[in-house]
Amino acid sequence: MLEGKKILIGITGSIAAYKSILLVRQLVKQGAEVKVVMTPAAREFVSPLVLATLSKNAVVSELAEGSEWSNHVMLGRWADLFVVAPLSCNTLAKMANGLCDNLLLAVYLSATCPVVIAPAMDEDMWQHPATQRNLDLLKGYGNHIIPVNSGELASGLHGEGRMAEPEAIIVFLVEHFFRTSELAGKKVMVTAGPTYEAIDPVRFIGNHSSGKMGFALAEELYLRGADVQLISGPTQQITTYAGIRVNKVRSAAEMFDTSVAIFPGVDIAVMSAAVADYSPAETAGEKIKKQPGDLSLLLLPTKDILQYVGTHKRQGQYVVGFALETQNEKENAHKKLESKQADCIVLNSLRDEAAGFGVDTNKVTLLCKDGTEMVTELKTKKEIAKDIVSFIISRLHAE
Ligand code: CTP
C-alpha cells in the first residue's frame, strides 16, 4: 500500500523504541523507502545496526560523524513524511521550543514535509500541563499527533502514555497518503455479512457470507473521504480504520431496525449483507431436545431491508443493492433493481469458482437504473470494492 513512499523515522530515547523496529520492518514490507534518524539517547534502547539492516539504509544520529557532516536539510527534503515514534517527553519539549542540540532536532526544524508524532511516556509526565502545552504547540505548528494508548507502562503502572502500536501508526500513514476527498461530506451506510436466525439458545440458521466484500466496500468508501457507518452481521472481519463506525447486529430483524434508524441520515446506502429471507416463527427459550421422529420448523419471511430503503429513499439518496444469482442472472438482477427500487445492483454470479462466498476474489456486473452497465474482471475483493466505489461516484456525478 505504501509503495514508493519515502518515510523518515525519528527515534528518541524511550522504552517504546523497540516498537520502532517493527514499524520500520512493516513499512519496508509495505513497499515504503525508509530512513532512520535517532537521538543519541535512542541508541541506548535499540541498536542502529538492526534498524540499518531492516531499513536497508544507514542510520544517522550525529550532526557530524568523523569528518562527515550529516545533511539534515536534505533528509527532511528527501522524506514525504517524517514520523517521530516514539517521541519522548524531552524531545517533545525541545521540538516545541525550537531547540537543536542533535541531528533529529535539526531535521525536524528544517523538514519541509508533514511531521507525524507518536508520543510515549509515563502517565504523570503525559498529563503534566507542560507536556500538554508542548503538544498544543506542535499541533499549532501543523504537526499530526497519533494519540497514546492506555495500558501497562514502563514504570509498571497502568495508565495513558503508551505509544500507539506500529499497526495503528501504519493505518494513520495510509490514511494520510491515500484518503481522498471524493466523497467528503457524504454519509454512507453499508450492510455486510450474514445474519443468524436463532432456533434456540444454541442453534441458528445462517449462511456462508464472510462479510469480506462489505468490509472492503466500507473501507474503500472511507478512503474516498466518506463518513461510513457499517452494519455488520456476525463475521470474523475487523475494520482497519478507527474512523468507520461499526454497528454489530445478529438477526435480520436487528439489521432491519438498525438500517431503518440510520438510513434517513445518509446520502448513500450499500446493501451488501446476505440477509436471511426466512426466520423461525418462534425461538425456543431452552435448547430443543432430540425427540424420536421428524422435526418441522415454521419459518416466516423477514423484512426486506433493501426494499425498505429503496422505497423510502428521498431525493438525492443513492441506493446500491446486491444480487446473488445462480441462473438467469441478468434477468433476475434487473427484476431486483425494479422491485426493490435500487439505483444500482451489483450482480454476483456463483459460476466463477474464484468468486463469491469465503474466497478473496470476486467478479461482478453492475447494472444501473439509468441503463449503464459495467463488468469487472476477476479481482481481489478489495480491488472490486475500488471499482464499485468509482462506479458509484461516476453515477453520482452523472445525476
Ligand atoms: N436483502 C435485504 N433484506 C433481506 C433480503 C435481502 O436487504 N431480507 C438485500 C441484500 O442485502 C441484497 C439484495 O437484497 O442487497 C438481494 O439479495 P438476494 O439474496 O440476492 O435476493 P433476495 O431478495 O433474497 O431474493 P432471492 O433470494 O429470491 O434471490
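This text follows the structure it describes.
Residues numbered from 1 in each chain as written. Predicted model: local features only at pLDDT ≥ 70, side-chain atom pairs only at ≥ 80, totals over all residues. Heavy atoms only, no water.

S.K.: Hey, could you run me through the packing of aromatic side chains in this one?
M.R.: Each aromatic ring pair is described using two quantities: the centre-to-centre distance and the angle formed by the ring planes. Using the criterion set out here, one finds four aromatic pairs in the structure. Ring centres of Y222 and Y241 lie 5.4 Å apart, and the angle between their planes is 25 degrees; this geometry places the pair in the stacked category. With Y222 in helix α9 (residues 212-223) and Y241 in the loop between β13 (227-232) and β14 (245-248), this residue pair connects regions lying 19 residues apart in the sequence. If you follow K35 out to its NZ or CZ, it ends over the ring of W78, 4.6 Å from the centre. Positioned above the aromatic ring of F204 is the side chain of R250, whose terminal nitrogen or guanidinium carbon lies 5.9 Å from the ring centre. (Phe/Tyr/Trp six-rings, centres within 6.5 Å; stacked < 30°, edge-to-face > 60°. Helix = DSSP H or I, 4+ residues; strand = E, 2+ residues; numbered from the N terminus. Lys NZ or Arg CZ within 6 Å of the ring centre and 35° of its normal.)

S.K.: How should I be thinking about the pattern of salt bridges in this particular structure?
M.R.: Between side chains of opposite charge, pairing is possible as soon as their charged atoms come close. All told, the structure shown has 19 salt bridges when counted by the stated rule. For K19, the salt bridge identified is with E165, shortest N-O distance 3.0 Å. One end of the pair, K19, is in helix α1 (residues 17-29); the other, E165, is in the loop between β9 (158-162) and α8 (166-178), and 146 residues separate them in sequence. With a relative accessible area of 29%, E165 lands in the partly exposed category. For K379, the salt bridge goes to D387, with nearest N and O atoms at 2.6 Å. Among the residues examined, K379 registers a relative accessible area of 21% and is labelled partly exposed. On the basis of relative accessibility, which here comes to 19%, the residue D387 falls in the buried class. Within the structure, one salt-bridge network assembled from shared partners comprises K19, R162 and E165. (Salt bridge = Lys/Arg side-chain N within 4 Å of Asp/Glu carboxyl O. Buried < 20%, exposed > 50% of the residue type's maximum accessible area, 1.4 Å probe, protein only.)

S.K.: Got a minute to help me understand the sheet that holds strand β5 (residues 81-87) in this structure?
M.R.: Two modes of strand pairing occur in sheets, parallel and antiparallel, and in both the strands are linked by backbone hydrogen bonds. In spatial order, the strands read β2-β1-β5-β6-β7; together these five strands make up an open sheet with parallel pairing. The strands lining the two open edges of the sheet, one partner per strand, are β2 (33-38) and β7 (144-145). Sitting on the sheet, helix α4 (residues 89-97) touches β5 and β6 (115-119), and the angle it makes with β5 is about 135 degrees. Its contacts with the sheet place α8 against β1 (6-11), β5, β6 and β7, and it is angled at close to 160 degrees to β5. (Pairing = 2+ DSSP bridges. Contact = heavy atoms within 4.5 Å. Axes fitted to C-alpha atoms, helices over the stretch in contact; angles between N-to-C directions.)

S.K.: Is there a simple way to think about the sheet that holds β13 in this case?
M.R.: Sheet architecture is open: eight strands sit in the order β14-β13-β10-β15-β18-β19-β21-β22, paired in mixed fashion. Pairing within the sheet leaves two strands with one partner each, and these edge strands are β14 and β22 (373-375). For this sheet the average axis-to-axis angle between neighbouring strands, irrespective of direction, equals 15 degrees. Relative to strand β19 (residues 344-349), strand β18 (residues 318-325) runs parallel, the two being bridged by six bridges. Paired with G321 across the bridge in β19 is I345. Contacting β10 (187-192), β13 and β14, helix α10 (residues 252-262) runs over the sheet at an angle of about 165 degrees to β13.

S.K.: I'm lost on α9 in this one. Help?
M.R.: Residues three or four positions apart in an α-helix share a direction because the helix packs 3.6 residues into each turn. For α9, built from twelve residues, the straight-helix expectation of 16 Å at 1.5 Å per residue is met to within 8% by its first-to-last C-alpha distance of 16 Å. For α9, the tally of buried residues reaches eleven of twelve residues, placing the bulk of the element in the interior. For α9, the complete set of buried residues consists of M213, G214, F215, A216, L217, A218, E219, E220, L221, Y222 and L223. (Expected span 1.5 Å × (residues − 1).)

S.K.: So what exactly am I meant to see when it comes to the nonpolar core here?
M.R.: Among soluble globular proteins, nonpolar side chains are generally buried collectively. Grouped together as the largest cluster of nonpolar side chains are 67 residues, with contacts concentrated most on I9, L27, I169, V270 and I388. Ranked by residue count, the leading element in this core is α9, at eight residues. Sequence-distant contacts of I9, that is, excluding residues within four places in its chain, are made with L23, V24, L27, V34, K35, V36, V37, F82, V83 and A85. (Core = buried A, V, L, I, M, F, W, Y, C linked by side-chain atoms within 4.5 Å.)

S.K.: When you look at the environment of Q327 in this model, what are you seeing that I'm missing?
M.R.: You can see Q327 is positioned in the loop between β18 and α12 (329-339). A sequence separation of 43 residues divides Q327 from A284, and the C-alpha atoms of the two residues are 36 Å apart. Ignoring anything within four residues of it in the chain, the contact list for Q327 reads N332 and R351.

S.K.: Help me understand the site of the ligand, please; the structure alone is not making it clear to me.
M.R.: Taken together, the neighbourhood of the ligand is formed by 16 residues, with M271, A273, F322, K336 and K340 sitting nearest. Contact between the ligand and D277: an oxygen atom at 2.9 Å from a side-chain N or O atom of the residue. T302 places a polar side-chain atom, nitrogen or oxygen, 3.4 Å from a nitrogen atom of the ligand. More than half of the atoms of the ligand fall within 2 Å of the grid points belonging to the largest pocket. Contributing elements (two or more residues each) for the shell around the ligand: α11 (305-312) and β18. Looking at the shell around the ligand element by element, the count peaks at four residues for β18. (Near = heavy atom within 4 Å. Polar contact = N/O pair within 3.5 Å; in protein donor to acceptor, adjacent residues only side chain to side chain. 1 Å grid on protein atoms, 1.4 Å probe; cavity = no way out; pocket = protein on both sides within 12 Å on 5 of 7 lines; lining within 4 Å. Sits in = over half its atoms within 2 Å of the grid points.)

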